[in-house]
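Structure at a glance
For reference, the chains in residue letters:
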Amino acid sequence: MNDYDGILYAIVAVDKQIVCEHNASNEDFTQGRIPPNDSKLSYAYDSESGVVFMCVARESFGRRIPFSFLLEIKAQFESRFPDPLELDISQFNQYSILLAQEMTRYSASVKADPIRQVQNDISQVKEIMAQNIERVLERGDRIDLLVDKTNNLSTEAFAFRKRSTALKRKLWWKNQKLMAMLICSLVISAYIAISAFCGFPGWSSCRAP
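What you see is a predicted model; the values in this text were computed from it and never measured. (Residues numbered from 1 in each chain as written. Predicted model: local features only at pLDDT ≥ 70, side-chain atom pairs only at ≥ 80, totals over all residues. Heavy atoms only, no water.)

**Observations regarding the overall build of the chain**
The cut-off we apply is this: Numbered from the N terminus, helices here are DSSP runs of H or I no shorter than four residues, and strands are runs of E no shorter than two. For the exposure calls, accessible area comes from a 1.4 Å probe over protein chains only, and a residue counts as buried if that area is under 20% of its type's maximum, exposed if over 50%, partly exposed in between. Residue contacts are counted whenever heavy atoms from the two residues lie within 4.5 Å of one another. Accessible areas in this description were obtained via Shrake-Rupley with a 1.4 Å probe; residue shielding takes into account the shown protein chains only.
Secondary structure assignment for the chain yields four helices and four strands. Listing every helix and strand of the chain by position from the N terminus yields β-β-β-β-α-α-α-α. For the chain, the residues scored as buried account for 24% of the 209 residues in total. Contacts in the chain between residues far apart in sequence, at least 24 positions, make up 50% of those at least 6 positions apart. Surface exposure of the chain reaches about 15,200 Å², of which carbon and sulfur atoms provide 58%.

Have a look at this one:
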């Protein structure tokens, strides 16, 4: 078997007769002949109303993508051929091209399997973390020094938050004092202005006779 990592072989059979197939590997799957006693292969199939959809992949490739592939080609096949049992085998020839295209898409695209995509993202993150650790070790930084630096940063951050809270409270009280002084100044100014106009101190000029 070659090193191709993907869906190796796929067929569609109608009434026990293969109507279209595609082989992406060097294995001999001629007319649906499956290599015997090969524990490294995984088989997935779906059958309904006399139509069989089957594909073969490496066991390491998993089962999620092959079954997703089968559901896709089944939906497309049923959309194109509502009554496949009533058709001649030659009418399915063009579907082999679509079968090959879908095999390539599902084999090459990690996005066809969300879980595999997440695993790929995790592997990339782990690789980046490993590279960062190697760079740290190359600089000669010891792990205990990094821990001390982390603890110091945490202590400084706590102290900064505490100072920030105290400063915020101090500025709030200062703002309240300024507001009180402003209000008092406005009241006194208004009193002086009215007293100057109406007479000080009893505002006798502004009283009704």
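Moving on from the model shown.
**What to know about the pattern of salt bridges**
Our working definition: Between Lys or Arg on one side and Asp or Glu on the other, a salt bridge is scored when a side-chain nitrogen of the former is within 4 Å of a carboxyl oxygen of the latter.
Tallied over the entire structure, the rule returns one salt bridge. The salt bridge involving R105 is made with E102; its shortest N-O contact spans 2.8 Å. Separated by three residues within a single helix, R105 and E102 lie in helix α2 (residues 95-108), roughly one turn from each other.

**Describing the packing of aromatic side chains**
This is how the line gets drawn: Planes of paired rings set the category: under 30 degrees apart is stacked, over 60 is edge-to-face and the rest tilted, where pairs are Phe, Tyr or Trp rings (Trp by its six-membered ring) whose centres lie within 6.5 Å.
A full pass over the atoms with the stated rule returns eight aromatic pairs. Considering the side-chain rings of F53 and F77, the 5.5 Å spacing of their centres and the 80 degrees angle between planes classify their relative orientation as edge-to-face. Here F53 is found in strand β4 (residues 51-58), whereas its partner F77 is found in helix α1 (residues 64-80), with 24 residues between them in sequence. For the pair F53 and F77, a shared accessibility class is recorded, and that class is buried. Summarising the aromatic geometry, the rings of F77 and F81 are spaced 4.9 Å apart at their centres and angled 55 degrees between planes, so their arrangement reads as tilted. Each member of the pair, F77 as well as F81, carries the same accessibility label: buried. An aromatic cluster of three or more residues is present, and its members are F53, F77, F81, F92 and Y95.

**Here we look at the pairing of strand β1 (residues 7-14)**
Cut-off, in case you're wondering: By definition, two strands form a pair when at least two bridges between them are found by DSSP.
Among the eight residues of β1, eight are classified as buried, and the element is accordingly described as predominantly covered. Relative to strand β2 (residues 17-23), β1 runs antiparallel, the two being bridged by six bridges. Counted as the bridge partner of V14 is Q17 from β2. Connecting β1 to the antiparallel partner β2 that follows it, the hairpin turn spans two residues, and D15 within it adopts a positive phi of roughly 55 degrees.

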